[in-house]
Amino acid sequence: MSRRAIVIVCDSLGVGELPDAGEFGDVGSNTLGHVIRDGRPHIPRLERFGLLATLPGGSPPSGGAGWGRMAEKSAGKDTITGHWEMMGLITSEPFRTYPDGFPRDVIAEFERRIGRSTIGNVAASGTVILEQLGEEHIRTGSPIVYTSGDSVFQVAACEEVIPVEELWDICRVARELMRGEHNIGRVIARPFVRDASGGFRRTANRRDFSVTPPAETHLDRLQAGGIRTVGIGKISDIFDGRGIEVDIRSESNEDGMDKTMEQMKRGEAGLVFTNLVDFDSKYGHRNDPIGYARALEHFDERLGELVDEAPEDVLIFVTADHGCDPSDESTDHTREYVPVLVVGKGIERATELGTRSTFADLGATVADYLGVSSDGLPGESFLSLLPVA
């Protein structure tokens, strides 16, 4: 079988609050709806494929695509739980968060192991904390430790003060510490440099050090079945490398789409799994609905190019892993439904997929399309709803 599937995760593109949003402090959240309200993006292809139809009260699309939305079953609203659930691993216990910073004994042991003092240890926006502590870091050489409303231990350092490889090693130490009692989803290296204006700019040398998936996923099944799996962006990091044969880093949404196109043109059977992080990191977390809208417009153009050049055997899935409503009071992720769009040359009419009860339906469908069993894993394939051979 030579079929190919491309899954593109528009990181944070939620489409309205889940019924349990109140438990997460996210009543009223609607990332896409508020981006449309505030930024008025021109997204004719996404509209034709059904993206707007996934919103409450949205009108059905006019073009050939499968469209619907998915609810998250996992206990969380973060990157790891979202991606893991897509691939058939539901997380029943949320990862720990530290809204008041990390325990003093944890920080003391971290400092002892890395041989440096640290500064920060607060919950903060990544760009704001650079404005507050960037100069002190450069003066002292102390890495900046911070977290957010998500389950993350983040370490920021200027590349001229702490080289990237050393920063990654520092984060590996944090990863070892943040297990067991302090089980945290991700440790994130946040390297930055000075920009031309004298401020600070984060670079593309970010690395995520995630916990290892505790059970089998569809990625493992695909690999075991001899199916080539390619992760673009931070996908491999999210799964701690498990189930990903080829790891390709990306610097931006644009770069991620370039590399997705390159992989499609290689003509090799299998799965290309792409995360477009700019929606989340540059616009959602920075409360920038206008920037988010412009990024959606550019993605609309690039998705059109991908669909136009896709051969008959390629199915393209567009989805998200959580919300991050840029109109929200906080800068944290939001508990929302996510869209699921399916586009391919064989889908010539608008096909409603309904509201799926779990993100895992996507992984089950991908496995089904690629000829791999999903027996025993959560999720129900919706391939039979799509007019594909």
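Within each chain, residue numbers correspond to sequence positions counted from 1 in written order. Thresholds applied to this predicted model are a pLDDT of at least 70 for local features of residues and 80 or more for the giving and counting of side-chain atom pairs; totals over whole chains, interfaces and linings are not thresholded and use all residues. To get the side-chain values, all heavy atoms of the structure are used, and hydrogens and water are removed first.

Colleague: Explain the pattern of salt bridges residue by residue, including any values.
Modeller: Counted as salt bridges are all cases of a side-chain nitrogen of Lys or Arg within 4 Å of a carboxyl oxygen of Asp or Glu. Inspection of the entire model under this criterion finds 31 salt bridges. Between R4 and D313 there is a salt bridge, with its nearest N and O atoms 3.1 Å apart. Highlighted residues: R4 in strand β1 (residues 4-10) and D313 in the loop between α11 (289-309) and β12 (314-319), separated in sequence by 309 residues. Take R4 and D313: they sit in the same class, and that class is buried. R249 is paired through a salt bridge with D237; the nearest N and O atoms lie 2.8 Å apart. In this pair, R249 is assigned in the loop between β10 (246-248) and α9 (253-266) and D237 in helix α8 (residues 235-238), connecting sequence segments 12 residues apart. The buried label applies to any residue whose accessible area, calculated with a 1.4 Å probe on protein chains only, is under 20% of its type's maximum; exposed applies above 50%, and partly exposed to all values in between. Accessibility expressed as a relative area gives 6% for D237, which makes it buried. Each helix is a run of H or I in the DSSP string that is no shorter than four residues. Each strand is a run of E no shorter than two, and both are numbered from the N terminus.

Colleague: Account for the side chain of H285, naming residues and giving values.
Modeller: In this structure, H285 sits in the loop between α10 (278-284) and α11. Should any heavy atoms of two residues lie within 4.5 Å, those residues are considered in contact. Aside from chain neighbours lying at most four places away, what touches H285 is D150, D280, C324, T331, D332 and H333.

Colleague: Can you explain the packing of aromatic side chains? Please cite residues and give values.
Modeller: Pairing of aromatic rings covers Phe, Tyr and the six-membered ring of Trp, with a centre-to-centre limit of 6.5 Å; geometry is then stacked below 30 degrees between planes, edge-to-face above 60, and tilted otherwise. Scanning the model with the defined rule gives eight aromatic pairs in all. Clustering of aromatic rings is evident, with ring pairs tying together Y98, F102, F110 and F153. For a lysine, the NZ atom is tested; for an arginine, the CZ atom; a charge sits over a ring if that atom is within 6 Å of the ring centre and within 35 degrees of the ring normal. One residue, R69, lies across the ring of Y337, its end atom 3.7 Å from the ring centre. The cationic tip of R207 hangs over the ring face of W168; the distance from NZ or CZ to the ring centre is 4.9 Å.

Colleague: I'd like a description of the state of the cysteines, backed by residues and values.
Modeller: Criterion for a disulfide: a pair of cysteine sulfur atoms at a distance within 2.5 Å. Here the structure, examined in full by the defined rule, presents zero disulfides. The thiol of C10 is unpaired, and the distance to the nearest cysteine sulfur, on C324, comes to 14 Å. Judged by its relative accessible area of 0%, C10 falls in the buried class.

Colleague: With reference to specific residues and values, describe the packing of α9 against α11.
Modeller: The axes used here are C-alpha line fits, helices contributing only the stretch in contact, and every angle between their N-to-C directions lies in the interval 0 to 180 degrees. Contact pair α9 / α11: the axes reach a minimum separation of 11 Å and the direction vectors enclose 5 degrees. Considering their axes alone, α9 and α11 lie roughly parallel with respect to each other. Contacts between α9 and α11 involve E254, M257, D258, T260, M261, M264 and K265 from the former and H298, F299, R302, L303, E305, L306 and E309 from the latter. Of the residues contributing to the contact of α9 with α11, the split by class is six nonpolar, two polar and six charged. Each angle is binned into one of four classes, with values under 35 degrees roughly parallel, values over 145 roughly antiparallel, values of 65 to 115 roughly perpendicular, and all other values oblique. Residues were grouped as follows: Ala, Val, Leu, Ile, Met, Phe, Trp, Tyr, Cys and Pro as nonpolar; Asp, Glu, Lys and Arg as charged; and all remaining residues, including Gly, as polar.

Colleague: How would you sum up empty space enclosed by the protein? Please name residues and give values.
Modeller: In this analysis a 1.4 Å probe is tested at points of a 1 Å grid over the protein atoms alone, and where it fits but cannot get out there is a cavity; an open set with protein on both sides within 12 Å along at least five of seven lines is a pocket; lining residues have an atom within 4 Å of a point. Grid points are joined across faces, edges and corners, and a volume is the space filled by probe spheres set on the points. According to the stated counting rule, one finds one cavity of 30 Å³ or more in the structure shown. Along the walls of the largest cavity sit R4, A5, I6, R228, Q263, M264, E268, A269, G270, L271 and V272, which together make up its complete lining. Within the residue set of the lining of the largest cavity, elements represented by two or more residues are β1, α9 and β11 (270-276).

Colleague: Lay out the pairing of strand β6 (residues 186-194) in plain terms, naming residues and giving numbers.
Modeller: Burial of β6 is extensive: eight of the nine residues sit out of reach of the surface. When strand β5 (residues 152-158) meets β6, the two strands line up parallel, connected through seven bridges. Directly across from C158, in β6, lies its bridge partner F192. Regarding topology, helix α6 (residues 164-177) serves as the crossover connection from β5 to the parallel β6, and that connection is right-handed. Pairing between two strands requires that DSSP report at least two bridges joining them. Across four bridges, β6 lies against strand β8 (residues 207-210) in antiparallel orientation. By the bridge assignment for β8, R186 is matched with S210. Bridge count for β6 against strand β7 (residues 200-202) is three bridges, and the pairing is antiparallel. A crossover gets the label right-handed when its path from the first strand over the helix to the second runs clockwise, viewed with the strands pointing away from the viewer.

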